[in-house]
Amino acid sequence: MDSYFDIKALPCAEIIQSAVVAHLIQALHQLLPQYGGEIGVDFPAYGQQQTVGGIVRLLGRHEHIHPLHQAVKTAATFNDYALITERSNIPENISGYTEYKRKHVKGNSHLKRLRKRSEANGTWTDALAIAAATKFSVSSNLPHVCLSSSSTGQSKFLLFIQKKSRANSHNGKFNGYGLSIHGTTVPKF
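Chemist: Hey, could you run me through the layout of surface pockets in this one?
Modeler: Where empty space is left can be seen by rolling a probe of water-molecule size over the atoms. One number sums up the size of the second largest pocket: a volume of about 280 Å³. Forming the walls of the second largest pocket are 19 residues, and the residues nearest its centre are M1, S169, N171, T185 and P187. A breakdown of the residues in the lining of the second largest pocket according to their chemical character gives eight nonpolar, eight polar and three charged.

The following block contains the structure:
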């Protein structure tokens with residue numbers, strides 16, 4: 001990893017910042033898979049007001065960041081909703097490493113599916129109802145973005161993003177959202 005650029009959500013009177021960032025991440029998800037897991041994301045303002053913040057930083061090797069930067073600069077979605085910084089080299093004096101990974105949170109929809117399956121099999125009981133309600137009523141305070149999925153047809157889902165600081169770099173691949181697979185880190189600066 002040697003290059004990066006930032007996408008900074010522009011203030012918009014009609015849309016809250018977290019919705020703008022979600023729109024930008026949705027658009028990035030259309031571009032990132034073609035780089036084969038070589039592009040990672042960082043959220044420098046992660047945690048502000050319990051959101052991922054208003055900056056999406058894309059990091060990778062120059063040969064991947066350069067064409068992605070060109071694609072982002074020419075896409076109307078990004079030009080309408082964001083300020084795109086110039087491509088830069090990652091500074092030598094970094095303060096550590098960060099892992100951003102997707103965290104699956106099971107909630108009411110999972111509970112409803114479990115109940116429906118159990119009732120169909122005749123295994124739904126009051127004890128199971130209490131245990132399941134307790135297990136799936138735990139809410140997450142993790143920052144998240146609300147997205148839609150073209151692959152599953154899901155019109156709305158929450159992508160929860162968990163941040164972990166790491167002392168050492170861990171090389172590997174990133175998913176289609178630029179999030180860590182198996183502990184892959186990005187430099188923190």
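Chemist: How do you make sense of empty space enclosed by the protein when you look at a structure like this?
Modeler: Following the criterion strictly, the structure yields one cavity of 30 Å³ or more and no others. Reported here for the largest cavity is a volume of approximately 30 Å³. As for the largest cavity, its lining consists of I25, L28, L32, V41, F43, V56 and Y177. Within the lining of the largest cavity, the residues separate by chemical class into seven nonpolar, no polar and no charged.

Chemist: In this structure, what is going on with the nonpolar core? I would like to understand it.
Modeler: Grouped together as the largest cluster of nonpolar side chains are 41 residues, with contacts concentrated most on I7, F43, L58, L68, V72 and F78. Elements supplying a minimum of two residues to this core: β1 (3–9), α1 (17–31), β3 (55–60), α2 (62–74), β4 (82–84), β7 (144–147) and β8 (157–166). Ranked by residue count, the leading element in this core is α1, at eight residues. Discounting residues that sit within four places of it in the chain, L68 has contacts with F5, L31, L32, Y35, I39 and L58.

Chemist: For this particular structure, what's the right way to read the packing of aromatic side chains?
Modeler: The description of two aromatic rings rests on the distance between their centres and on the angle between their planes. All chains considered together, the criterion is met by three aromatic pairs. With centroids separated by 4.9 Å and ring planes inclined at 65°, the aromatic side chains of Y4 and F189 adopt a geometry described as edge-to-face. Taken together, the positions of Y4 in strand β1 and F189 in the segment after β9 (186–188) put the pair 185 residues apart, joining distant regions of the chain. Taking relative accessible area as the criterion, Y4 reaches 14% and is therefore assigned buried. Of the residues examined, F189 reaches a relative accessible area of 31% and is grouped as partly exposed. Through a chain of ring-to-ring contacts, the aromatic side chains of F43, Y46 and Y100 assemble into a single cluster.

Chemist: Explain the sheet that holds strand β6 (residues 96–103) here, please?
Modeler: Sheet strands associate in pairs through backbone hydrogen bonding, adopting either a parallel or an antiparallel arrangement. Spatially, the four strands line up as an open sheet ordered β7-β8-β6-β9, and their pairing is antiparallel. Unpaired on one side and paired on the other, β7 and β9 mark the two borders of the sheet. The average angle at which neighbouring strand axes cross in this sheet is 35°, direction not considered. Looking at chain direction, β6 and β9 are connected through three bridges and run antiparallel. When the sheet's bridge partners are listed, Y97 is paired in β9 with P187.

Chemist: Please clarify how α2 should be interpreted in this entry.
Modeler: Working note: α-helix, 3.6 residues per turn, so residues spaced by three or four point in the same direction. Between the first and last C-alpha of α2 there are 18 Å, a value that for 13 residues agrees with the 18 Å anticipated at 1.5 Å per step. Those residues of α2 that sit buried are H64, I65, L68, H69 and V72. Taken end-on, α2 shows its buried residues confined to a sector of 125°, consistent with a single buried face. Contact partners of the buried residues in α2: β1, α1, β3, α3 (76–81) and β4.

Rules behind the numbers
Residues numbered from 1 in each chain as written. Predicted model: local features only at pLDDT ≥ 70, side-chain atom pairs only at ≥ 80, totals over all residues. Heavy atoms only, no water. 1 Å grid on protein atoms, 1.4 Å probe; cavity = no way out; pocket = protein on both sides within 12 Å on 5 of 7 lines; lining within 4 Å. Points joined across faces, edges and corners; volume = space filled by probe spheres on them. Nonpolar A, V, L, I, M, F, W, Y, C, P; charged D, E, K, R; others polar. Core = buried A, V, L, I, M, F, W, Y, C linked by side-chain atoms within 4.5 Å. Buried < 20%, exposed > 50% of the residue type's maximum accessible area, 1.4 Å probe, protein only. Helix = DSSP H or I, 4+ residues; strand = E, 2+ residues; numbered from the N terminus. Contact = heavy atoms within 4.5 Å. Phe/Tyr/Trp six-rings, centres within 6.5 Å; stacked < 30°, edge-to-face > 60°. Pairing = 2+ DSSP bridges. Axes fitted to C-alpha atoms, helices over the stretch in contact; angles between N-to-C directions. Expected span 1.5 Å × (residues − 1). Arc of directions from axis to C-beta.

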